[in-house]
Amino acid sequence: MFFQKIFTKPQTGANRGRIRPQTTEQREITADIEANLQFLIKEIGEPADLVIHRFEKDGPVAALMYLDSLADGSLLGSHISRPINEFLMKNGGGLDLKNTERLLTTAKIYNYRDFSAVIASVLSGQAVLFLQQQKTALGVAFPGFPRRAVKEPSTEKVTRGSREGFTDVLTDNLGMIRRWIKDPNLAVTKLAIGERTQTEINLLYLKDVANSDVVKELKTRLAKIEIDGIIDSGYLSELIADQKLTFFPLVQDTERPDKVAAAVLEGRVAILVDKSPFALIVPVTSDEFYQTPADFGYNYWVGSFLRFIRALGTFIAVTLPGLYLAMISVNPELLPPGLVGVVSSARVQVPFPAVFEVLLTMVVFEIFREAIIRAPGNISLIFGIAGGALIGFCGIQAALVSAVTVIVVVITSLASFATANTGKEQAWRLVRFFVFFAAACFGVLGFVLAGLTVLTHMNSLKSFGVSYLEPWAPPQSLDMADSFFRIPWWAHSRRPSSYRPQQTDRTGHKDLTGLKDLTGKDEPTDQDDLTGQDDLTGKNNLPGQEGEDPG
């Protein structure tokens, strides 16, 4: 009964066991400004950051409403209040929709006819202008909330590659992607999820490359989400995953725009969530979590070596504690005699069984690791180096743990950071304990059975119809070559077949003979002077560069 209450979905309809947020009725805007303002104040309350600026000339003419915490009051005064006041001083009145739209010096103006749209826009940071004797309100956006500067993500640092990282503002993140992909086929679909938060979400994909079934399935899953609020993209990654009970990430997350752009070019779909610096990418396979942009910045030999090191580090982090325990506790006959003597002499004064000794050391290092991550910067640096060495040294001196056990756990902890994705690294931490307990119970046999169980579970997982272990199961020969090792770009002419893209050719379809530059001229010669030519932001822009998909 207890678990049934937890996992049972609330009933829908009149008997639904929760209070739904009150929604504004579909009431149209009236021609009376004061009536409109009073109705809005009644609907949203009278919050402390609500600003109402009235314009009068022999009576009410217009009224501007916005939230001071979200909109920039100084910009609103320069681009809205000042032009309207100057017009009223010169003409004495006569403000209508056409005159007002010409007066407002803003790039985009929204027209609203019902109060539900007006409330949503005000709560999103827009300013709404009501006009007397007009049943349409005008909305303008001048964001005034603080923005975090663009900097390199701390969780995905690279030695070579872009230093840009996503911020908490959706429009900024979308602009970073557009700087990478200047293709009119880049579709941007806008959604809003969360009954109370109305969190804006953008889906990004190439219309002529991405698998249409994946795009359709993603939109279907997002449309079925019923939740009061989306605070972080992690909410979505859990809600849209194929398997709900697995601890392996079935949705890739990243803070790097270049990684998102590369995924979109492969035919995958990216999800940007407002107020979250982590973008989501679907579908995903297990191999994607071991690749970084640095692999493609270096020579392919170096990139292949880095991938191999990450895979080796992950293998050590998952298997070393369990294999060590199985060898010293259950199957010591498998160790060389000399090594058995070294381990036995190191543990001769330890009062605990081997399984408890290794488990205690692992748990202490996990607690120490979590504490260091959340400690202030200077303190974490001091305790991270000195504290770890001090704990290990004191434990050995007190004969609570052996030196060999400390070495094994320290190597395991360091190797766990080799995984290029934090979500996959957290999953392997849980697998490490599962393998450890299996080895403690059944020795090397339990160690092998635990590994087979994990591989079988991974083989059963899918990410939007794509097998989690592709290109290995089912086998994809071309993708296998670019898995643990990186294929050089001169031999990398096809997109990964694991994601079933519409176009598999990466080399494009344009005829490069008679190449023309962006100004429309023939290919420049040595005598051509390119100084003074219009750039991409000028009048010679490529047509259709926006590539918006209305959804």
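See the structure shown above.
Figured I'd write up the structure that's included with this text. Counting starts from 1 at the beginning of each chain's written sequence and moves along it residue by residue. Given that this is a predicted model, residues contribute local features only at a pLDDT of at least 70 and side-chain atom pairs are listed and counted only at 80 or more, while totals for whole chains, interfaces and linings are drawn from all residues. The side-chain figures draw on all heavy atoms in the structure; neither hydrogens nor water molecules are used.

Considerations on the overall build of the chain
And step 1. Strands here mean DSSP runs of E at least two residues long; helices mean DSSP runs of H or I at least four residues long; both are numbered from the N terminus. Broken down by element type, the chain carries 17 helices and 12 strands.
And step 2. When a residue's accessible area, from a 1.4 Å probe over protein chains only, is under 20% of the maximum for its type it is buried; when over 50% it is exposed; and in between it is partly exposed. Buried positions account for 42% of the 551 residues belonging to the chain.
And step 3. The contact criterion used is simple: two residues touch if any of their non-hydrogen atoms lie within 4.5 Å. For the chain, long-range pairs separated by at least 24 residues make up 64% of all intrachain contacts whose partners lie at least 6 apart in sequence.
And step 4. Taken as a whole, the chain presents about 30000 Å² of accessible surface, with 60% of it coming from carbon and sulfur. Throughout, the Shrake-Rupley method with a 1.4 Å probe supplies accessible areas, and for residues the shown protein chains are the sole cover considered.

Some words on unusual backbone geometry
And step 1. With omega at -10°, the peptide bond leading from Val282 into Pro283 counts as cis.
And step 2. Looking at the secondary structure, you find Pro283 in the loop between strand S10 (279-282) and helix H10 (294-297).
And step 3. Each neighbour pair has its own omega, and for Ala473 with Pro474 the value is -5°, a cis peptide bond.
And step 4. Take Pro474: it is sitting in the loop between strand S12 (466-467) and helix H17 (477-481).
And step 5. Positive phi values are uncommon outside glycine, yet Lys275 reaches one of about 70°.
And step 6. Relative to the assigned elements, Lys275 resides in the loop between strand S9 (269-273) and S10.
And step 7. The phi dihedral of Arg500 falls on the positive side, at around 50°, and the residue is not glycine.

Some points on the packing of helix H6 (residues 170-180) against helix H9 (residues 257-265)
And step 1. Running from N to C, H6 and H9 point in directions that differ by 55°, and their axes come no closer than 9 Å. With respect to their mutual orientation, H6 and H9 come out oblique. In the crossing of H6 with H9, the sense of the turn from one axis to the other is right-handed. Of the residues in H9, those touching H6 at Met176, Ile177 and Trp180 are Pro257, Asp258, Val260 and Ala261.
And step 2. Considered class by class, the residues forming the contact of H6 with H9 number 6 nonpolar, no polar and 1 charged. To obtain an axis, a line is fitted to C-alpha atoms, over the contacting stretch when the element is a helix, and the angle between two such axes runs from 0 to 180 degrees between their N-to-C directions. By the definition adopted for this analysis, an angle is roughly parallel if under 35 degrees, roughly antiparallel if over 145, roughly perpendicular if from 65 to 115, and oblique otherwise. Two helices crossing with the near one rotated counterclockwise from the far one by less than a right angle form a left-handed crossing, whereas a clockwise rotation gives a right-handed crossing. By the convention adopted, Pro, Cys, Tyr, Trp, Phe, Met, Ile, Leu, Val and Ala count as nonpolar, Lys, Arg, Asp and Glu as charged, and the other residues, Gly among them, as polar.

Comments concerning the sheet that holds strand S5 (residues 137-141)
And step 1. Pairing between two strands is assigned when DSSP locates at least 2 bridges connecting them. Here we have 5 strands laid out as an open sheet, ordered S1-S2-S4-S5-S3, and antiparallel in their pairing. The sheet is open, and its two edges are formed by strand S1 (50-56) and strand S3 (110-112), each paired on a single side. Between one strand and the next, the sheet's axes are offset by a mean angle of 25°, whatever the strand orientation.
And step 2. Bridge analysis of strand S4 (residues 126-131) against S5 gives 4 bridges, and the strand direction is antiparallel. Residue pairing for S5: Ala127 is matched across the bridge by Val140.
And step 3. Docked against the sheet, helix H5 (residues 115-123) engages strand S2 (60-67), S3, S4 and S5, running at close to 140° with respect to S4.

Looking at the environment of Glu366
And step 1. Note that Glu366 resides in helix H13 (residues 354-374).
And step 2. Measuring from C-alpha to C-alpha, the distance between Glu366 and Ser413 comes to 8.4 Å, with 47 residues separating the pair along the chain.
And step 3. Those residues within four positions of Glu366 in sequence are excluded, and the remaining contacts are Arg429, Arg432 and Phe433.

Some remarks on the side chain of Thr254
And step 1. Of note, Thr254 is situated in strand S8 (residues 252-254).
And step 2. On the accessibility criterion, Thr254 (0% relative accessible area) is buried.
And step 3. A polar side-chain atom of Thr254 sits 3.1 Å from the main-chain amide nitrogen of Arg256.
And step 4. Among residues more than four places away in sequence, those in contact with Thr254 are Glu156, Phe166, Lys259, Val260, Pro277, Phe278, Ala279 and Ile281. Counting of polar contacts relies on pairs of N or O atoms within 3.5 Å, with two restrictions inside protein: one atom must be capable of donating a hydrogen and the other of accepting it, and residues adjacent in sequence are counted only when both atoms are side-chain atoms.

What to know about the packing of aromatic side chains
And step 1. Whether two aromatic rings pair depends on their centres lying within 6.5 Å, for rings of Phe, Tyr and Trp, where Trp uses its six-membered ring; planes under 30 degrees apart make the pair stacked, over 60 edge-to-face, and the rest tilted. Applying the stated rule across the entire model yields 10 aromatic pairs.
And step 2. With a centroid separation of 5.3 Å and 35° between ring planes, the pair formed by Tyr300 and Trp301 is classed as tilted.
And step 3. Residue classification places Tyr300 among the partly exposed residues on the basis of a relative accessible area of 22%.
And step 4. Here Trp301 falls in the exposed class, since its relative accessible area comes to 61%.
And step 5. Aromatic pair Phe436 and Phe437: ring centres 5.5 Å apart, planes at 75°, arrangement edge-to-face.
And step 6. Classification of Phe437 by relative accessible area gives partly exposed; the value is 41%.
And step 7. Each residue in the set Phe247, Phe248, Trp428 and Tyr468 is aromatic and connected to the rest through ring pairs, giving one cluster.
And step 8. The side chain of Arg27 reaches across the aromatic face of Phe39, ending 4.3 Å from its centre.
And step 9. Each ring is checked for a lysine NZ or an arginine CZ that lies within 6 Å of its centre and within 35 degrees of its normal; such an atom marks a charge sitting over the ring. A cation sits over an aromatic face here: Arg221 above Phe464, 4.1 Å from the ring centre.

A closer look at helix H2 (residues 33-44)
The α-helix winds at 3.6 residues per turn, so residues separated by three or four positions along the chain end up facing the same way.
And step 1. Multiplying 1.5 Å by the residue count of a helix minus one yields the expected span of that helix. In this model, H2 (12 residues) spans 17 Å end to end at C-alpha, consistent with the 16 Å of a helix rising 1.5 Å per residue.
And step 2. Three or more residues of H2 are buried, namely Ile33, Asn36, Leu37, Phe39, Leu40 and Ile41.
And step 3. At the N-terminal boundary of H2, the capping side chain belongs to Asp32, with an oxygen 3.3 Å from the backbone nitrogen of Glu34.
And step 4. Of the residues one or two after H2, Gly45 is the one with positive phi, at around 75°.

Overview of the packing of H2 against H5
And step 1. Running from N to C, H2 and H5 point in directions that differ by 60°, and their axes come no closer than 11 Å. With respect to the hand of their crossing, H2 and H5 are arranged in right-handed fashion. Listed contacts from H5 to Asn36, Phe39, Leu40, Glu43 and Ile44 of H2 are Phe115, Val118 and Ile119.
And step 2. By residue class, the composition of the contact of H2 with H5 is 6 nonpolar, 1 polar and 1 charged.

Keep in mind these values describe shape, not function.
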